[in-house]
Amino acid sequence: MWRQQFGWDWLPDLADLTRRLVDSGRFGAAEGTGTFPPLNIFEKGDRFLLTLEVPGVSLEDIDLSVTADTLTIEGERKPPEVDEECYHRRERRFGHFKRSVTLPDRVRPDGITATLKAGVLTVEFPKAEPVKPQQIRVAIG
Amino acid sequence: MDLGRQGAETGRIHPSNRPPERADGPPAGSYVPPAVDIYEEPDGLVLLADMPGVASAGLDVRLDRDTLTILGQPSKDDPGEPRHREWKAEDYYRAFTLGDVIDRSKITADLKDGVLIVRLPKAAEAKPRKIQVRSE
């Protein structure tokens, strides 16, 4: 219901993308499925914010790109240079990751900024100016 | 006798997700165990724990006798009204039992990009040593 309230047309795309990403999203050679990194979307005043958990990923290993109406976050988490047999326990996953989000038409792609702090990537983009309603005079006769 | 291998076995730390029953256990609340890697280097063990969103102010690493506990509390503030949520900021907690081979006084902890790195050097006696053979 709130989807209609905000007039978004990106939500159905995101749901569809989430389903498709389950098949195509990869993180770590052994893992074939899963949406990684997990993503949250927030709205605050005149902007949207995307937050993603990317612990242990350096700034230079993340790439953000925008094409038409799609924002893509792509990167790689590199493992430490340690031989397999030296591991006593191995739970953390590594490798290439990629997520795409369709931007709603109310977003200005040129105003996108991103910050990385404590392993959380925050992508901010301002909303586009709303189209001003025009008053049309109708002649009654 | 293979000193190196023996060192590896007794140096193994055993993760458990249950907070130990002690007066100084974590504060009441719900916790998730962070994903952890543990590997061995010639000089000791290295433990890495994923704790995204945790800054040094929210990190508590302590050693009590043979138990190493790591507690990470990230900021829970939302940067706006939530519209789509796949992850939630939760407190991380995990406890490990240390073997005798670790030199407790030399344990260090660093936090970088939301990853906790704990280095547990082996005590000098635990490292493989060449034994001089006295000849007749």
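Refer to the structure printed above.
Asker: Explanation requested: the environment of Gly-56 of chain A in the structure shown.
Answerer: Along the chain, Gly-56 of chain A falls in the loop between strand 2 (47-53) and strand 3 (62-67). Spatially, the C-alpha atom of Gly-56 of chain A lies 9.6 Å from that of Phe-94 of chain A, the residues being 38 residues apart in sequence. Aside from chain neighbours lying at most four places away, what touches Gly-56 of chain A is Arg-77 of chain A together with Asp-113 and Val-115 of chain B.

Asker: Which parts of the structure should I look at to understand the packing of aromatic side chains?
Answerer: Geometry of an aromatic ring pair is reported as the spacing of the ring centres plus the angle between the planes. Throughout the structure, instances matching the rule amount to four aromatic pairs over all chains. With 6.1 Å between their ring centres and 55 degrees between their planes, Phe-48 of chain A and Phe-125 of chain A make a pair best called tilted. Within this pair, whereas Phe-48 of chain A is found in strand 2, its partner Phe-125 of chain A is found in strand 8 (residues 120-126), the two being separated by 77 residues in sequence. Both residues of the pair, Phe-48 of chain A and Phe-125 of chain A, belong to the buried class. A centroid spacing of 5.7 Å and a plane angle of 55 degrees characterise the contact between Tyr-31 of chain B and Tyr-93 of chain B, whose relative ring orientation is tilted. Residue Tyr-31 of chain B is located in strand 2 (residues 31-32), and its partner Tyr-93 of chain B is located in strand 8 (residues 91-97); the two are separated by 62 residues in the primary sequence. Between the NZ or CZ atom of Arg-77 of chain A and the centre of the ring of Phe-94 of chain A, over which it lies, the distance is 4.7 Å.

Asker: Would you take a moment to explain a nonpolar patch on the surface for this structure?
Answerer: Taken together, Ile-136, Val-138 and Ile-140 of chain A make up a surface patch of nonpolar side chains, about 420 Å² in accessible area. Turning to its location among the elements, Ile-140 of chain A is positioned in the segment after strand 8.

Procedures and definitions
Residues numbered from 1 in each chain as written. Chains lettered and ligands numbered in written order. Predicted model: local features only at pLDDT ≥ 70, side-chain atom pairs only at ≥ 80, totals over all residues. Heavy atoms only, no water. Helix = DSSP H or I, 4+ residues; strand = E, 2+ residues; numbered from the N terminus. Contact = heavy atoms within 4.5 Å. Phe/Tyr/Trp six-rings, centres within 6.5 Å; stacked < 30°, edge-to-face > 60°. Buried < 20%, exposed > 50% of the residue type's maximum accessible area, 1.4 Å probe, protein only. Lys NZ or Arg CZ within 6 Å of the ring centre and 35° of its normal. Patch = residues over 30% accessible without salt bridge, like charges linked within 9 Å, V, L, I, M, F, W, Y side chains within 5 Å. Areas by Shrake-Rupley, 256 points an atom, 1.4 Å probe, with all protein chains shown as cover. Salt bridge = Lys/Arg side-chain N within 4 Å of Asp/Glu carboxyl O.

Read these as spatial facts, not as claims about activity.
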